[in-house]
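Here are the chains, one letter per residue:
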Amino acid sequence: MEELVQRIKEDGRVLGEGVLKVDSFVTHQVDPDLMEAIGYRFAEVFAEAGITKVVTIEASGIAPALFAAKKLAVPMIFARKAKSLTMDEELLTSSVYSFTKQVTSQISISRKFLSSDDKVLIIDDFLANGQAAKGLVELCQQAGAKVDGIGIVIEKSFQDGRDLLEEMGMRVVSLARIASLKNGEVEFLEGDA
Ligand code: G4P
Ligand code: NA
Ligand code: NA
C-alpha cells in the first residue's frame with residue numbers, strides 16, 4: 001500500500017534491535033484518515049470472502065480493524081489482554097508468548113461473540129514473531145469459527161511470523177512488508193495489497 005509505505009518512510013523511526021517506531025500515526029497517536037484507508041483496503045481484499053466478524057487484539061489493532069469492519073458491515077471484536085471485571089461469562093482464552101518481553105500472557109474473548117457460524121478476518125498492526133496472531137487464530141478455532149485470513153498493517157519480514165502463520169494454513173495479507181531495519185534504514189519488500 002503506497003500511502004502507508006510513504007508514511008513509514010516519512011514518519012517511521014528505526015530503533016535498535018529491529019524495532020520500527022510508528023507512534024506518531026499507528027501505535028500511540030493515530031491518523032484516522034490513514035487508518036480508514038488501511039481498513040478499507042483490507043475490506044476490499046476480503047470483500048468476497050463472506051466475512052462475518054473482524055477480530056483483533058487491543059490496543060493498536062483496534063483502529064484498522066474497526067474501519068475494516070465498518071466497510072465489511074460486520075462487528076469488530078478485540079481480544080482483551082487483561083480480564084475485565086464484567087467478563088463473568090464463559091471465555092475463549094489462549095496464551096501468547098512475547099519474545100520482546102519474555103513473558104506469557106493470556107488473551108481472551110467472550111464465547112458469546114464467536115461461533116461455528118463465523119468466518120473471521122483477523123487484523124493486527126504488527127507482525128513480528130506472530131505469537132499474537134497465532135493466539136487470535138486459536139481463540140477463533142476454540143469457537144469453531146473459520147479464519148479466512150489475516151490482515152497485517154506492518155509485517156517485519158525478517159522475523160518468523162509469516163512463516164508460522166502460513167504453516168498453520170493461514171492466508172496472510174500485509175500492506176507494508178519490511179525486509180530489513182539495518183543501519184537505521186527501512187528496506188521494503190513488495191506489499192501484498
Ligand atoms: P509477536 O506478537 O509478533 O510475537 O510480537 P512481540 O511479542 O515481539 O511483540 C510485542 C508487541 O510489540 C506487540 O504489541 C507487537 O505488535 C509490537 N511490535 C512488534 N514489533 C514491533 C515494532 O517493530 N514496532 C512497534 N511499534 N511495535 C512492535 P503489544 O505491545 O502487544 O500491543 P499494543 O497494545 O501496543 O497494540
Ligand atoms: Na498489536
Ligand atoms: Na503495538
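Definitions and limits used
- Residues numbered from 1 in each chain as written.
- Chains lettered and ligands numbered in written order.
- Predicted model: local features only at pLDDT ≥ 70, side-chain atom pairs only at ≥ 80, totals over all residues.
- Heavy atoms only, no water.
- Pairing = 2+ DSSP bridges.
- Helix = DSSP H or I, 4+ residues; strand = E, 2+ residues; numbered from the N terminus.
- Buried < 20%, exposed > 50% of the residue type's maximum accessible area, 1.4 Å probe, protein only.
- Contact = heavy atoms within 4.5 Å.
- pLDDT = per-residue confidence, 0-100.
- UniProt positions renumbered as here; feature names shortened; annotations may be inferred.
- Axes fitted to C-alpha atoms, helices over the stretch in contact; angles between N-to-C directions.
- Parallel < 35°, antiparallel > 145°, perpendicular 65-115°, else oblique.
- Left-handed = near helix turned anticlockwise from the far one by under 90°.
- Nonpolar A, V, L, I, M, F, W, Y, C, P; charged D, E, K, R; others polar.
- Near = heavy atom within 4 Å.
- Polar contact = N/O pair within 3.5 Å; in protein donor to acceptor, adjacent residues only side chain to side chain.
- Areas by Shrake-Rupley, 256 points an atom, 1.4 Å probe, with all protein chains shown as cover.

Undergrad: Residue-level account of the pairing of strand β5 (residues 91-98), with values.
TA: The side chains of a regular strand alternate between both faces of the sheet. Bridge count for β5 against strand β6 (residues 103-110) is 8 bridges, and the pairing is antiparallel. Within β6, the position partnered with V96 by the bridge is S105. Where β5 folds back on β6, the antiparallel hairpin that results is connected by 4 residues, among which Q102 adopts a positive phi of roughly 55°.

Undergrad: I'd love a proper account of the environment of E185, names of residues and values included.
TA: Locating E185 in the fold gives a position in the loop between β9 (172-180) and β10 (187-189). On the accessibility criterion, E185 (53% relative accessible area) is exposed. Considering only alpha carbons, one finds E185 and L20, 165 residues apart in sequence, at a separation of 9.9 Å. Leave out the neighbours within four places in its chain, and E185 touches V14 and S180.

Undergrad: Explain the confidence of the model for the protein residue by residue, including any values.
TA: Here the protein averages 96 in pLDDT, and 98% of its residues register 70 or above. Scoring the predicted complex yields pTM 0.96 and, for the interface, ipTM 0.91.

Undergrad: Lay out the UniProt feature "binding site: 5-phospho-alpha-D-ribose 1-diphosphate" (unreviewed entry) in the protein with the relevant residues and their values.
TA: UniProt's entry tags A128, N129, G130, Q131 and A132 with the feature "binding site: 5-phospho-alpha-D-ribose 1-diphosphate" (unreviewed entry), counted in the numbering of this structure. Within the secondary structure layout, A128 lies in the loop between β7 (119-127) and α4 (131-142). Relative accessible area serves as the criterion here: at 22%, A128 is assigned to the partly exposed category. Inspection of the secondary structure puts A132 in helix α4. The exposure class assigned to A132 is partly exposed, which follows from its relative accessible area of 23%.

Undergrad: Could you give me a rundown of the packing of helix α2 (residues 32-45) against helix α3 (residues 62-72), with the residues and numbers involved?
TA: Axis separation between α2 and α3 bottoms out at 7 Å; the angle between their running directions is 50°. Relative to α3, α2 is oriented oblique. Between α2 and α3 the crossing geometry is right-handed. Within the contact between the two elements, α2 uses P32, M35, E36, I38, G39, Y40, F42 and A43 and α3 uses A63, P64, F67, A68, K70, K71 and L72. Counted by class, the contact of α2 with α3 contains 11 nonpolar, 1 polar and 3 charged residues.

Undergrad: Could you give me a rundown of the site of ligand 1, with the residues and numbers involved?
TA: The immediate surroundings of ligand 1 are formed by 20 residues, with L20, K81, N129, G130 and K156 found nearest. The separation between an oxygen atom of ligand 1 and a polar side-chain atom of T100 is 3.3 Å. Within the contact set of ligand 1, an oxygen atom lies 3.1 Å away from a backbone nitrogen or oxygen of Q131. Considered on its own, ligand 1 offers 720 Å² of accessible surface; in the complex 79% of this is hidden by protein. Looking at the shell around ligand 1, the elements that each hand over two or more residues are β2 (19-21), β7 and α4. Of the residues contributing to the shell around ligand 1, the split by class is 7 nonpolar, 8 polar and 5 charged.

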